[in-house]
Amino acid sequence: MIALLRRAFVCLFVLACCPAFAQDKLTLGVFAFRPQPLMLERYTPLADYLSAKLGGVRVELQVLAQDELEEAVAARRIDLLMTNPSHYLELRSHNSLSGALATVISMENGQAVTSLGGCIIVSSGRTDISGLRALEGRRIAIPGPRYLGGYQAQAYELKQAGVRVPGDVDLLVTGSHEAVVEAVLEGRADAGFVRTGIIESLVAEGRLDPARLVVLNRQNLAGYPYAVSTRLYPEWPFVALPHVEARMVRRISAALLALEASDPAARAAGIAGFSPPLDYLPVETLARALRLPPFDHAPPFLWRDVWARYASFIIALGVLSALAVGLLVVLMRRNRQLAQSVAALEDAQEALRHIAYHDPLTGLPNRALLIDRLRQDMGRVRRNTQRLALAYIDLDGFKAVNDTHGHEMGDRLLVDIARRMRGVLREADTVARLGGDEFAAIFTDLPEVTLSHGLIDRLLVAIAAPVSLDGVQLRVSGSVGVAYFPQASGIEPEQLLRQADHAMYEAKQSGRNCCRIFDERALQAAGAAPMVRAAIVQGGA
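Residues numbered from 1 in each chain as written. Predicted model: local features only at pLDDT ≥ 70, side-chain atom pairs only at ≥ 80, totals over all residues. Heavy atoms only, no water.

## Quick notes on the layout of surface pockets
Reported here for the largest pocket is a volume of approximately 470 Å³. Taken together, 23 residues line the largest pocket, and the ones lying closest to its centre are R42, S201, Y226, A269 and G270. Listed by contribution, the elements that provide at least two residues to the lining of the largest pocket are helix 3 (36-54), strand 4 (102-108) and helix 8 (198-204). Grouping the constituent residues of the lining of the largest pocket by class yields 11 nonpolar, 5 polar and 7 charged. (1 Å grid on protein atoms, 1.4 Å probe; cavity = no way out; pocket = protein on both sides within 12 Å on 5 of 7 lines; lining within 4 Å. Points joined across faces, edges and corners; volume = space filled by probe spheres on them. Helix = DSSP H or I, 4+ residues; strand = E, 2+ residues; numbered from the N terminus. Nonpolar A, V, L, I, M, F, W, Y, C, P; charged D, E, K, R; others polar.)

## Remarks on unusual backbone geometry
For the bond running from V165 to P166, omega is 15 degrees, close enough to zero to count as cis. Going from P293 to P294, the amide bond is cis rather than trans, its omega being 5 degrees. With respect to the element layout, P294 can be found in the loop between helix 11 (281-290) and helix 12 (303-357). The phi angle at R291 is positive, at roughly 55 degrees, despite the residue not being glycine.

## Let's talk about the sheet that holds strand 21 (residues 515-517)
Read from one edge to the other, the open sheet built from 5 strands follows the order 16-17-15-20-21, with strand pairing classed as mixed. Edge strands, defined here as strands with exactly one partner in the open sheet, are strand 16 (430-435) and strand 21. Averaged over all pairs of adjacent strands, the angle between their axes in this sheet comes to 20 degrees, without regard to strand direction. Bridge count between strand 15 (residues 387-396) and strand 17 (residues 438-446): 7 bridges; the pairing is antiparallel. Paired with Y392 across the strands is A440, a residue of strand 17. Strand contacts of helix 17 (residues 493-509): strand 15, strand 16, strand 17, strand 20 (477-485) and strand 21, with the helix running at about 140 degrees to strand 20, the strand carrying the most contacts. (Pairing = 2+ DSSP bridges. Axes fitted to C-alpha atoms, helices over the stretch in contact; angles between N-to-C directions. Contact = heavy atoms within 4.5 Å.)

## Remarks on the pattern of salt bridges
Evaluated as defined, the whole model comprises 30 salt bridges. Note that E205 and R207 form a salt bridge whose closest N and O atoms lie 3.0 Å from each other. Between R380 and D445 there is a salt bridge; the shortest N-O distance is 3.3 Å. Placement of R380 in helix 13 (residues 367-383) and of D445 in strand 17 is noted, with a sequence separation of 65 residues between them. Accessibility expressed as a relative area gives 25% for D445, which makes it partly exposed. (Salt bridge = Lys/Arg side-chain N within 4 Å of Asp/Glu carboxyl O. Buried < 20%, exposed > 50% of the residue type's maximum accessible area, 1.4 Å probe, protein only.)

## Digging into the packing of helix 13 against helix 17
Two elements in contact, helix 13 and helix 17, have axes whose closest approach is 9 Å; the angle formed by their N-to-C orientations is 105 degrees. Here helix 13 lies roughly perpendicular to helix 17, going by the angle between them. Residues R367, L370, I371, L374, R375 and M378 of helix 13 form the contact with helix 17, whose own contacting residues are P493, E494, L496 and L497. For the contact of helix 13 with helix 17, the class distribution of residues is 7 nonpolar, no polar and 3 charged. (Parallel < 35°, antiparallel > 145°, perpendicular 65-115°, else oblique.)

## Considering the sheet that holds strand 11 (residues 213-216)
Strand pairing in a sheet relies on backbone hydrogen bonds, with the paired strands running either antiparallel or parallel. Across the sheet, 5 strands lie side by side as 9-8-10-7-11; this open sheet has mixed pairing. Both outer strands of the open sheet, strand 9 (170-173) and strand 11, are each paired with one neighbouring strand and no more. The mean angle between the axes of side-by-side strands here comes to 35 degrees, regardless of whether they run parallel or antiparallel. Inspection of the sheet shows strand 8 (residues 139-142) paired to strand 10 (residues 191-195) by 2 bridges, in the parallel sense. Residue pairing for strand 10: I140 is matched across the bridge by A191. Sitting on the sheet, helix 6 (residues 148-160) is in contact with strand 7 (118-123), strand 8, strand 9 and strand 10, with an inclination near 115 degrees to strand 10.

Set out below in structure tokens:
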């Protein structure tokens, strides 16, 4: 008794682990691409045929929509599956389906085919639509976006022709092929997509007048009995789910391949039987191109994938970047050195310019710069109808300082006197050293010549002020000659300077530490020779 119970327990355990052995029923799920009553009528004989061939295992038919099929596969409520190829790829990506056991062979007008395609139909009255490009911007009826022959095959052809679907067209989803035909005939859509064989079936059923429709982009494929607008794809696969026992799968495959076209089951389904499974790579290519499931999401792309694919490019880019950075650093360093060199050159030029136009002892403008500024001031006061005074200054008693205290003390005295003269003049005025103990000052922009008198007095006071150097009290004075501009006749800066020099000479003759104004009449009265007067007054030789 115990042995019998043990044996029964083992049998129950085996049956629980291997449900296929215990199954007396297999469920065949078929995608309802046409109305369910019609599909049941067509495929029930096929289920009965398989039941008869499997001996004791009843095959039960379920016609389901695609969503219902997916739920049934996920819940393992069906054992066998027939659906369109693209839906099969999607189901296989989400479930552990086996490869196809067989491929359906369709039958039309006595001719067997193993391929399907898409048909693009328009009403026969629409002469404005004659090619694929003419569908851009049109309203197109489709049974659904998941139909291979009713949408995807046509969308792929339009993509190859440069028309994006659905981007460039307006889609009208009808839910069935028959509804697509009705939408086109009733004018609710400019065109329609249906799978191959639908038009012929409706005509054979007496439900469609073939003269009312035109097939767009019709392909003349030798030996293919259906009107078709696209390339062809393998017909529906027949699939066994993984939980079906292998020996049962072999028996099903044998039964399918043994089905003759003349068998009532085949005739009812409108097929000529089944062929060994075809290559479904074209369907996969189409799905990838249209970014359809299961290829509607890009696979994760990790850094190691980037490195594996672009390692050489990344290394080359890194080397080039390092070279570019190095060159940039070198270039910046050279630019900085060049900028420093340019700055040093500009400083040197400025120093040379300063040396060329300034007295090295006092830092005052020299004779050349005095003449240049005098020329500019003469031009400006002439335009502004103002006056200019040029003072020629010679120090009185400076030679005695040099003789008594030495030239170094004399130079220090000159520097101090230059500083004081600069301090009593206005900002616009110029004081220059002409050489030795001779200076010159320009008093510019004077509305009246009398305004220069105060400036000259301040200049004489500044010169005559005592200077203490190393405990030695030094004192000199200045003899100043002044010439005014403008004058009655034209005159150059050098001539104006000679006039002031002559006036300074008169100041020397008058007892020193005083100022004399250049006067041409006084020059004549002094008996100067004509050539000398011309040299002083008009700039002659």
